[in-house]
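Listed below, chain by chain, are the residues.
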Amino acid sequence: MKPLVTFIFGLTSFFIFVSLFTETVAEKDGVYIVYMGAAPKTKGSLRHDHAQLLSSLLKRNKNALVRSYKNGFSGFAARLSAEEAHSIAQRAGVVSVFPDPVLELHTTRSWDFLNYQTSVVIDSNPNSNSNSTSNDSGAIIGILDTGIWPESESFNDKVMGPIPSRWNGTCAKAQDFNTSNCNKKIIGARSYEDDETSVIKYQSPRDMVGHGTHVASTAAGSEVRGVSYYGLAEGTAKGGSPGSRIAMYRVCSPNNGCRGSSILAAFDDAIADGVDVLSLSLGAPSFFKPQITDDPIALGAFHAVQHGITVVCSAGNDGPDPGTVVNAAPWIVTVAASTIDRAFESDVVLGDNTVIKGEGINFANIQKSPVYPIVYGKSAKKKDADVNDSRNCNTNSLDQELVKGKIVVCENLDKTYANEHMDEVKQLGGIGVVLIDYDSKGMASSFGTFPMSVISSEDGAKICRNPVATILRTTSPTKYTPAPIIAYFSSRGPSTIPKNILKPDIAAPGVNILAAWMGNDTAEAPEGKDPPLYNLISGTSMACPHVSGIAATVKSKNPTWSPSAIRSAIMTTANQINNLKAPITTEKGVAATPYDFGAGEVSPTGPLQPGLVYETTAIDYLNFLCHHGYNITTIKTIANAIPDGFTCPKESSIDLISNINYPSIAITNFNEKEGRKVNRTLTNVAGDGNSVYTVTIDSPANLDVKVVPNKLQFTKNGDKSSYEVSFSAANPLKEDVFGSIAWSNGKYKVRSPFAVSSKRDN
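Rules behind the numbers
- Residues numbered from 1 in each chain as written.
- Predicted model: local features only at pLDDT ≥ 70, side-chain atom pairs only at ≥ 80, totals over all residues.
- Heavy atoms only, no water.
- Helix = DSSP H or I, 4+ residues; strand = E, 2+ residues; numbered from the N terminus.
- Expected span 1.5 Å × (residues − 1).
- Pairing = 2+ DSSP bridges.
- Axes fitted to C-alpha atoms, helices over the stretch in contact; angles between N-to-C directions.
- Buried < 20%, exposed > 50% of the residue type's maximum accessible area, 1.4 Å probe, protein only.
- Contact = heavy atoms within 4.5 Å.
- Phe/Tyr/Trp six-rings, centres within 6.5 Å; stacked < 30°, edge-to-face > 60°.
- Lys NZ or Arg CZ within 6 Å of the ring centre and 35° of its normal.
- UniProt positions renumbered as here; feature names shortened; annotations may be inferred.
- Polar contact = N/O pair within 3.5 Å; in protein donor to acceptor, adjacent residues only side chain to side chain.

## Focus on helix 4 (residues 260-273)
Reasoning step 1: Along its 14 residues, helix 4 runs 20 Å from first to last C-alpha, staying within 8% of the 20 Å computed at 1.5 Å per residue.
Reasoning step 2: Backbone geometry just downstream of helix 4 places glycine 274 in the positive-phi region, at approximately 100°.

## Describing the sheet that holds strand 19 (residues 333-338)
Reasoning step 1: Taken in spatial order, the seven strands of this open sheet run 10-13-9-16-18-19-27, and their pairing is parallel. With one partner strand each, in any of the chains shown, strand 10 (186-191) and strand 27 (506-509) form the two edges of the open sheet. Within this sheet the neighbouring strands show an average axis-to-axis angle of 25°, counted without direction.
Reasoning step 2: Pairing of strand 10 with strand 13 (residues 245-250) involves five bridges; the strand directions are parallel.

## Some thoughts on the pairing of strand 35 (residues 711-714)
Reasoning step 1: Residues Leu712 and Phe714 line the buried face of strand 35, whereas the alternating positions Lys711 and Gln713 sit on a face that is not buried.
Reasoning step 2: Two strands pair when backbone bridges link them, and strand 33 (residues 691-698) and strand 35 are joined in this way by four bridges, in the antiparallel orientation. Paired with tyrosine 693 across the bridge in strand 35 is leucine 712.

## Points about the environment of serine 728
Reasoning step 1: Within the element layout of this structure, serine 728 appears in strand 36 (residues 720-728).
Reasoning step 2: Between the C-alpha atoms of serine 728 and glutamate 672, which are 56 residues apart in sequence, the distance is 5.6 Å.
Reasoning step 3: The contacts of serine 728, once residues within four sequence positions are left out, are Phe670, Leu703 and Asp704.

## Some words on the packing of aromatic side chains
Reasoning step 1: Scanning the model with the defined rule gives 12 aromatic pairs in all.
Reasoning step 2: Judged by centre distance (6.1 Å) and plane angle (75°), the ring pair of tyrosine 488 and phenylalanine 489 falls under edge-to-face. When sorted by exposure, tyrosine 488 lands in the same class as phenylalanine 489, which is buried.
Reasoning step 3: Relative to phenylalanine 754, the ring of phenylalanine 727 lies with its centre 5.2 Å away and its plane at 70°, an arrangement referred to as edge-to-face. Of the two residues, phenylalanine 727 is situated in strand 36 and phenylalanine 754 in strand 38 (residues 749-756); the sequence distance between them amounts to 27 residues.
Reasoning step 4: The class of phenylalanine 727 is buried, set by a relative accessible area of 2%.
Reasoning step 5: Each member of the aromatic cluster is reached from another via a ring pair, and the members are Phe302, Trp331, Tyr621 and Phe624.
Reasoning step 6: For the cation-ring pair, arginine 206 lies above tryptophan 149, with the distance from its terminal atom to the ring centre recorded as 4.6 Å.

## What about the UniProt feature "active site" (unreviewed entry) in the protein chain?
Reasoning step 1: When the UniProt feature table is mapped to this numbering, "active site" (unreviewed entry) covers Asp145, His211 and Ser541. Spanning 397 residues, the named residues nonetheless gather at one spot, since no C-alpha pair among them exceeds 10.0 Å.
Reasoning step 2: Along the polypeptide, aspartate 145 turns up in strand 9 (residues 140-145).
Reasoning step 3: Contacts of aspartate 145, omitting those with residues within four sequence positions, involve Leu105, His211, Gly212, Val215, Met248, Tyr249, Arg250, Val251, Cys252 and Ser281.
Reasoning step 4: A distance of 2.6 Å separates polar atoms of two side chains, one belonging to aspartate 145 and the other to histidine 211.
Reasoning step 5: In this structure histidine 211 comes out as buried when scored by relative accessible area, which is 0%.

## Side note on helix 11 (residues 563-572)
Reasoning step 1: Within helix 11, 10 of the 10 residues are buried, which leaves it mostly tucked inside the rest of the structure.
Reasoning step 2: If you check which residues of helix 11 are buried, you get Pro563, Ser564, Ala565, Ile566, Arg567, Ser568, Ala569, Ile570, Met571 and Thr572.

Now the structure itself:
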């Protein structure tokens, strides 16, 4: 078992430190998930083979059953021996049996990455009268996370109308949570019991971590004026869809992580409850690559989408390495993280009055004049310490006499959290820390009242010419350029399940995000301050609810649209240009590709009127499973409904996945001699009336791309029209190449990115 991430949870008077672990795939005794595919058509009954298995288990051990799934799909989680699990896997009606995994929240590995702009909009004018509540009140966003802090002002229901009559959910009772904690904003709250082996048991929808509260307010928080993080990033906070309702499903606990069995239970309940959008800011680490039938998020999302629910998930935080994107099943909207146009500057002033623009959040109160001596970690090395340890300012690597009273310059060679460097210097009596770390540019850690700033390696070279410096208190200027930038931690494509689906789908703000927080977190408060009511965090966890909020708004405006139509509208209207009118870049300053940001940066308004959409049908998803290697018997067990006569195509291969009607195109194993052709179909959603769309192709010089026909005509709403794309090349491709195909009628532009690779899909 490998540790994934350590969370620090602030409770009333003490801290609990918890390490999350992913279960290995090795067989052992413990909790297993038995997945049995689609739920029975007759509600309230279990499928016969499901009931038989449960009966045999309960006869053996009445405590064997952990939970049962029966609303959106069939199956259960139970305590089994490895031998029992193997035996059950052979039974009729069983699709898969796998160990109950523990997944991770998709923040950047620690709660000390504190930054933001609340949700899709941060209104810098406190007197703003903007209010979209009345226009988007129909959608219900289900959030699978750590719970919710209902007392936050972001969840007030002052201007909310009646709860939709179609809502079937519940507001759970617990020692610290009552039905009165729900209102017309928080209309549902469920929690899932911790495993009985846990040392500390916690069963309540109340958030004791902060993450779920932050995510919920980002997606659908009510408008709240005058919020800030201790005076920084001040403005009016509101969620992406402030009129939408919130249903919280606490699947992650302070002591037991985010269990797959709980995640599946939440999907099962949410399908029956009647949510419109599901938002999951969690997932497996990139090294853990389960098959679709062993992945609780992929399975739950498949059935949710079949029930008309849009599922939005974070892409993961294992970037910038390629092939690290998770939650990449084609029925999921997968979200990468980008920066916004606000910085948290903690400038370093040198003895020659040179000002270096550093980053970080500190509320230090030291002299503004550069009077403090500078020492490099390497120069302050203990006699018996390793040189690289001292350069990093690692524990027990520095000489206290050489550090005391000085600003210490540390290097983040080990890519550890910035606060770890601060702790060592602080305890040795250092005045402050200047940390050289290029990769974290754009993200500001919180250092409380300790003077600390993070600078680039280029600026680090300037410090050596100066014997003295000071570190200024943080400011938060806006209109920072360039923005957006794809965050270095954001997981990247190509997808590995498989590369023939282009992932991530879209990027959204995930760096320096201010949103609601639990009200008792003294651990996050600077010295002498009350706990923050709004907190700053970074991660694809923060990007995901931006898109969830937009999806909810699109759904409320277009209630008959399918999840794939909503995803298409979000992807085809995305932006690829930053606030300098130049292409969006990665953290290294190079142009971002679809492997970094999918279709681009999400637009909050474009998806409301996309003109045309790509409808990825149930047949497309069934064909995906066929091409992925599943046989028709397994597929018929998995799917809720299969059209009469459907069978897998006689020619079925991974390469044919490129041909499902997805809003982007990904091709692997490309052979320039054979070329490749794919087909796509567009549906008119712009209304009745004659409209002609003309194609524009943006392709690299070493790839020839042709589209036939080059014009599409639509006369009424719902009209469909298809086209074929041919890819060819004169010479072998030496690297993956990218481009786009866009259709426009002068009013709407419908853009689809593509990626072509000569590498064979794994």
